[in-house]
Amino acid sequence: MPSRLLLVASESQKLGAMVSRSPLTRGLVSRYVAGTTLDDAMAVTDQLRRQGLEVSLDLLGESVTDLADAERATQEYIEALPALAERAPGSSVSVKLSQLGVAVDQRACAQNLDKLLVAADEHGVLVEVDMEASSVGKAILETFRAVLPRHQQTRIAMQAAMRQTLPDLQSFQEVKPRIRLVKGAFLESLETAAQDKDEVTARYKWFTTWALENLPDPAFGTHDDACIAHVRSEADRLGIDRRAFEFQMLYGVRRQLQQELAREGYRVRVYLPYGSQWYPYLMRRMAERPANLLLFLRSLIGG
Ligand SMILES: Cc1cc2nc3c(=O)[nH]c(=O)nc-3n(C[C@H](O)[C@H](O)[C@H](O)COP(=O)(O)OP(=O)(O)OC[C@H]3O[C@@H](n4cnc5c(N)ncnc54)[C@H](O)[C@@H]3O)c2cc1C
């Protein structure tokens, strides 16, 4: 229940404006967000790489209502590519298609994504498409599908909780997509997505095996020990090399585990957000851990 409350709060613009202005949330924000500028993000990138970790850079922001904002966000991503390519070869950028305008004009969003992909190819940077709420999920998948034949390295996040995920994955025929398997972070109805924690974990494990057997270079975006153990044991059982898939975790979550896995020879990529629009991202992170509700309320009242 606390997590549903926080997910509802993540969609409130009023609360967002209030929380974003509060200096008291700063400590909490810095746990999950690299900073507000590209320079901040690059400094954290350097630290992470020294620990043997790869990075996926996320310019915070979502759901634009204006195509000019979508173009601006695309341009900002493109401007980040040279520094990222130079300082951290092998990195990716993670992008929300709602930020590139998918809910305003799907065709314009596809053009923005294509522009970013062409620029990313030139710099040798990979692009990962985040999955968002089911209200835009179909449009995101269609946009990804349209660019995939020309940009086969592009990765898309797929949510294990969503009932549509298996048919969606099976619908890729000629080019099998690279995916980032996640549990799913958005508020959904029971018809659309499994809600029970154990059921979601069981679904995550099932999709893990399916992805290892059927898809190229899958990424597993999770901090859950049970899910991570399942990835490891299934990869061993199937004779899949540790470097043929990757673990992905969020900046600020289970740092020690990230380093341990890297030391054991697994590829580990840290999802690293930066920018000023951190409110909805932070609230989703708060919702993932019940203890975070208290942390969040304390930071708001300055306790
Ligand atoms: C790299 C990456 C990319 C993602 N991309 C997307 C996406 O595109 N679309 C989408 O819907 N979702 C995305 N998610 C979020 C995902 O859907 C889950 O909401 C999130 O990962 C929590 O699920 P979990 O598998 O870590 O398991 P959980 O059972 O939620 O967590 C397992 C353990 O990890 C720790 N933990 C988890 N979250 C936190 C936190 N916020 N703060 C502190 N500790 C925590 C706790 O110890 C917890 O017990 C992404 C997650 C990752 C790691």
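Definitions and limits used
- Residues numbered from 1 in each chain as written.
- Predicted model: local features only at pLDDT ≥ 70, side-chain atom pairs only at ≥ 80, totals over all residues.
- Heavy atoms only, no water.
- UniProt positions renumbered as here; feature names shortened; annotations may be inferred.
- Near = heavy atom within 4 Å.
- Polar contact = N/O pair within 3.5 Å; in protein donor to acceptor, adjacent residues only side chain to side chain.
- Areas by Shrake-Rupley, 256 points an atom, 1.4 Å probe, with all protein chains shown as cover.
- Helix = DSSP H or I, 4+ residues; strand = E, 2+ residues; numbered from the N terminus.
- Contact = heavy atoms within 4.5 Å.
- Phe/Tyr/Trp six-rings, centres within 6.5 Å; stacked < 30°, edge-to-face > 60°.
- Buried < 20%, exposed > 50% of the residue type's maximum accessible area, 1.4 Å probe, protein only.
- 1 Å grid on protein atoms, 1.4 Å probe; cavity = no way out; pocket = protein on both sides within 12 Å on 5 of 7 lines; lining within 4 Å.
- Points joined across faces, edges and corners; volume = space filled by probe spheres on them.
- Pairing = 2+ DSSP bridges.
- Axes fitted to C-alpha atoms, helices over the stretch in contact; angles between N-to-C directions.
- Salt bridge = Lys/Arg side-chain N within 4 Å of Asp/Glu carboxyl O.
- Core = buried A, V, L, I, M, F, W, Y, C linked by side-chain atoms within 4.5 Å.

Under the annotation held in an unreviewed UniProt entry, the protein chain carries the name proline dehydrogenase and is attributed to Geodermatophilus telluris. UniProt, in its Catalytic activity (unreviewed entry) section for the protein chain, records the words "L-proline + a quinone = (S)-1-pyrroline-5-carboxylate + a quinol + H(+)". Listed in UniProt under the heading Pathway (unreviewed entry), the comment for the protein chain reads: "Amino-acid degradation; L-proline degradation into L-glutamate; L-glutamate from L-proline: step 1/2."

A. Region of interest: the site of the ligand. Contacts to the ligand come from 27 residues, most closely from Tyr32, Gly184, Thr222, His223 and Glu288. Contacts to the ligand include Met131, whose backbone N or O atom sits 2.8 Å from a nitrogen atom. The separation between a nitrogen atom of the ligand and a polar side-chain atom of Arg180 is 3.0 Å. Surface burial for the ligand is 87%, taken as the share of its 930 Å² of free accessible area covered by protein chains. Counting residues per element, the ones that place at least two in the shell around the ligand are helix 3 (26-32), strand 4 (155-159), strand 5 (178-182) and strand 7 (246-250). At 3 residues, the largest contribution of residues to the shell around the ligand is made by strand 7.

B. Quick peek at the side chain of Gln248. Within the secondary structure, Gln248 is located in strand 7. Within polar-contact distance, the side chain of Gln248 engages the side chain of Glu128 at 3.3 Å. Beyond its immediate stretch of four places on either side in the chain, Gln248 contacts Glu128, Arg155, Arg180, Ala219, Phe220, Gly221, Thr222 and Arg269.

C. Structural context of the packing of aromatic side chains. Using the criterion set out here, one finds 7 aromatic pairs in the structure. Plain terms: the ring middles of Trp206 and Phe207 are 5.3 Å apart, the flat faces sit at 85 degrees to each other, and that makes the pair edge-to-face. Here Phe247 and Tyr266 contribute two aromatic rings whose centre-to-centre distance is 5.4 Å and whose plane-to-plane angle is 70 degrees, an arrangement assigned as edge-to-face. You can see Phe247 sitting in strand 7 and its partner Tyr266 sitting in the loop between helix 11 (255-263) and strand 8 (267-274), a full 19 residues away along the chain. Neither Phe247 nor Tyr266 differs from the other in exposure class; each is buried.

D. Quick peek at the layout of surface pockets. A volume near 1,400 Å³ is recorded for the largest pocket. At the level of elements, helix 1 (2-10), helix 3, strand 4, strand 5, helix 9 (197-214), strand 7 and helix 12 (279-287) are the ones that each hand at least two residues to the lining of the largest pocket.

E. Here's a closer look at the UniProt feature "binding site: FAD" (unreviewed entry) in the protein chain. With numbering matched to this structure, UniProt assigns "binding site: FAD" (unreviewed entry) to Met131, Gln159, Lys183, Gly184, Ala185, Lys197, Thr222 and His223. Restricting the annotated residues to those that line the largest pocket leaves Met131, Gln159, Lys183, Gly184, Ala185, Lys197, Thr222 and His223. On the secondary structure map, His223 appears in the loop between strand 6 (219-221) and helix 10 (225-237). Among residues more than four places away in sequence, those in contact with His223 are Ile228, Met249, Leu250, Val253, Arg254 and Leu257. There is a polar contact of 3.1 Å between the side chain of His223 and the backbone nitrogen of Leu250.

F. Looking closely at the sheet that holds strand 8. Strand order in the closed barrel formed by 8 strands is 1-2-3-4-5-6-7-8, with parallel pairing between adjacent strands. Ignoring strand direction, the axes of neighbouring strands in this sheet form an average angle of 25 degrees. Alignment of strand 4 against strand 5, held across 5 bridges, turns out to be parallel. Across the sheet, the residue bridging to Arg155 is Arg178, located in strand 5. Packing of helix 11 onto the sheet brings it into contact with strand 7 and strand 8, and relative to strand 7 it is tilted by some 165 degrees.

G. Structural context of the pattern of salt bridges. Evaluated as defined, the whole model comprises 22 salt bridges. Between Glu128 and Arg180 there is a salt bridge, with the nearest N and O atoms lying 3.1 Å from each other. One end of the pair, Glu128, is in strand 3 (residues 126-129); the other, Arg180, is in strand 5, with 52 residues separating them in the sequence. Look at Glu128 and you get buried, because its relative accessible area is 3%. A salt bridge links Asp217 to Arg155; the nearest nitrogen and oxygen atoms lie 3.4 Å apart. One end of the pair, Asp217, is in the loop between helix 9 and strand 6; the other, Arg155, is in strand 4, and 62 residues separate them in sequence. Of the two residues, Asp217 and Arg155, neither departs from the other in class, the shared state being buried. Salt bridges here are not isolated pairs; linked through shared partners, they connect Lys96, Glu128, Asp130, Arg155, Arg178, Arg180, Asp217, Glu246, Arg267 and Arg269.

H. Examining the nonpolar core more closely. Within the largest apolar cluster, 69 residues are counted, with the highest numbers of intra-cluster contacts made by Val95, Leu97, Ile156, Phe220 and Phe247. Discounting residues that sit within four places of it in the chain, Val95 has contacts with Tyr77, Leu100, Leu113, Leu116, Val127, Glu128, Val129 and Asp130. Listed in part, the 19 residues of the second largest apolar core include Leu6, Val253, Tyr271 and Leu282.

I. Inspection of the environment of Thr65 at higher detail. Tracing the backbone through its elements, the reader meets Thr65 in the loop between strand 1 (54-59) and helix 5 (67-87). Under the relative-accessibility criterion, Thr65 is labelled exposed at 73%. A sequence separation of 36 residues divides Thr65 from Gly101, and the C-alpha atoms of the two residues are 7.2 Å apart.

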